[in-house]
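Per-entry structural report
So you can see what is in the structure, the chains are spelled out below.
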Amino acid sequence: MKYHAPFFFLLATLIHLSCKDNTPKNVFEAKAVNKNQTESINKPIAKDTTIYHDNFKSKFVDKRNVEVWLPKGYPQKEVEYQVLYMHDGQNVLNKETSYTGIAWEIDKKVDSLMTIKVIQPTIVVAIWNNGEKRFSEYMPKLPHDLTESAFAKAELKKNFGSENIYSDEYLKFLVKELRPFINNHYQTSKKPQHTAIMGASMGAHISLYAMIEYPHIFGKAGCLSTHWPIPYLGQAFIDALPTSVPKPTLHKINFEHGTKTLDKDYEPFQLQVNNMFYELGYTDKNLLYKKFDGHEHSEKDWQRRVQYGLKFLLK
């Protein structure tokens, strides 16, 4: 089947992405199960399987591809599978659709951790980004009044080409459309402590924002290489966290970053954020922070270190 390499819109000084066509296309036919067969999976599968839901429609955002990875043995009787939602889905499972040719290989990571019983049974939902609107969909609309100000809109237009932020609409898509679909068609737990959301760079921002806006749904957030130094809005988002972050009773979060390329600037911001969480009552039991010396802002290094966040969030 023909496909095009993903296209990512990016301000070069901020987010390390490339400029290729991001038109969603389905690939990996050899491993894929037709989306119409979803409901017929009622006997344990012999091999881990990816199901492709092409051009998933939404009334809140533009349609996009969604990939669902199911582990070997799914569905086990009387098992409510945890769900891990991941952003930038074209980079999560398949190197053929990743803009760098390197995927996170989350299927292999989750499968290995499940095999040695380090994490509980989990399915992965990889949501493709939408090219030029990636930043607008992943940038938290917090604080709300500030992000709607004329000055903020002007800064957004100057730095990113669009004055609008669509993260609230993106989260509505996840919560009101995609999640119900996943829960209706797959054997999943609906509890927040069994529902995680993860991403890198701007994908880390929207993961944290999802837990803030919908704490009764997303109980766990994985934030890799969170791109804090965004002009004007980055520090404003940080300053809004103490009055926005949910209590640690049912919630867990993973922060991490490297020390090279864009990641080299993250540590001061991340330590500030960590302290905010600790002041809110988070401890080492529900907040994991790691710094990886020599690691860069790239799929290659997120693939190398994502296992730590997976073990912490999905155990």
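Refer to the structure printed above.
What counts as what
- Residues numbered from 1 in each chain as written.
- Predicted model: local features only at pLDDT ≥ 70, side-chain atom pairs only at ≥ 80, totals over all residues.
- Heavy atoms only, no water.
- Helix = DSSP H or I, 4+ residues; strand = E, 2+ residues; numbered from the N terminus.
- Buried < 20%, exposed > 50% of the residue type's maximum accessible area, 1.4 Å probe, protein only.
- Contact = heavy atoms within 4.5 Å.
- Areas by Shrake-Rupley, 256 points an atom, 1.4 Å probe, with all protein chains shown as cover.
- Core = buried A, V, L, I, M, F, W, Y, C linked by side-chain atoms within 4.5 Å.
- Salt bridge = Lys/Arg side-chain N within 4 Å of Asp/Glu carboxyl O.
- Phe/Tyr/Trp six-rings, centres within 6.5 Å; stacked < 30°, edge-to-face > 60°.

Details of the overall build of the protein chain
- What the protein chain contains, in helices and strands, is nine helices and nine strands.
- Here the protein chain holds 315 residues, and the buried ones make up 59% of them.
- Counting only contacts in the protein chain whose residues sit at least 6 apart along the sequence, the fraction spanning at least 24 positions is 73%.
- Looking at the protein chain as shown, the accessible area adds up to about 13,500 Å², and 51% of this sits on carbon and sulfur atoms.

Details of the nonpolar core
- Core analysis: the biggest nonpolar cluster contains 62 residues, and Leu178 and Leu208 have the highest contact counts within it.
- With 24 residues, the next largest nonpolar core counts Trp69, Ile106, Ala196 and Leu314 among its residues.

Observations regarding the pattern of salt bridges
- In the structure shown here, the tally under the stated rule is eleven salt bridges.
- The closest approach of N and O atoms between arginine 304 and aspartate 301, which form a salt bridge, is 2.6 Å. With a gap of three residues between them, arginine 304 and aspartate 301 both fall in helix 9 (residues 299–314), about one helical turn apart.

Regarding the packing of aromatic side chains
- Across all of its chains, the model carries 13 aromatic pairs by this definition.
- Centroid distance tryptophan 228 to phenylalanine 255: 6.3 Å. Interplanar angle 55°. Geometry classified as tilted. Taken as a pair, tryptophan 228 in the loop between strand 7 (220–224) and helix 7 (233–240) and phenylalanine 255 in strand 8 (residues 252–258) lie far apart in primary sequence, 27 residues in all.
- Judged by relative accessible area, which is 0%, tryptophan 228 ranks as buried.
- Of the residues examined, phenylalanine 255 reaches a relative accessible area of 0% and is grouped as buried.
- Judged by centre distance (5.4 Å) and plane angle (75°), the ring pair of phenylalanine 255 and phenylalanine 277 falls under edge-to-face. Here phenylalanine 255 is found in strand 8, whereas its partner phenylalanine 277 is found in helix 8 (residues 267–279), with 22 residues between them in sequence. For the residue pair phenylalanine 255 and phenylalanine 277, the accessibility class agrees, reading buried in each case.

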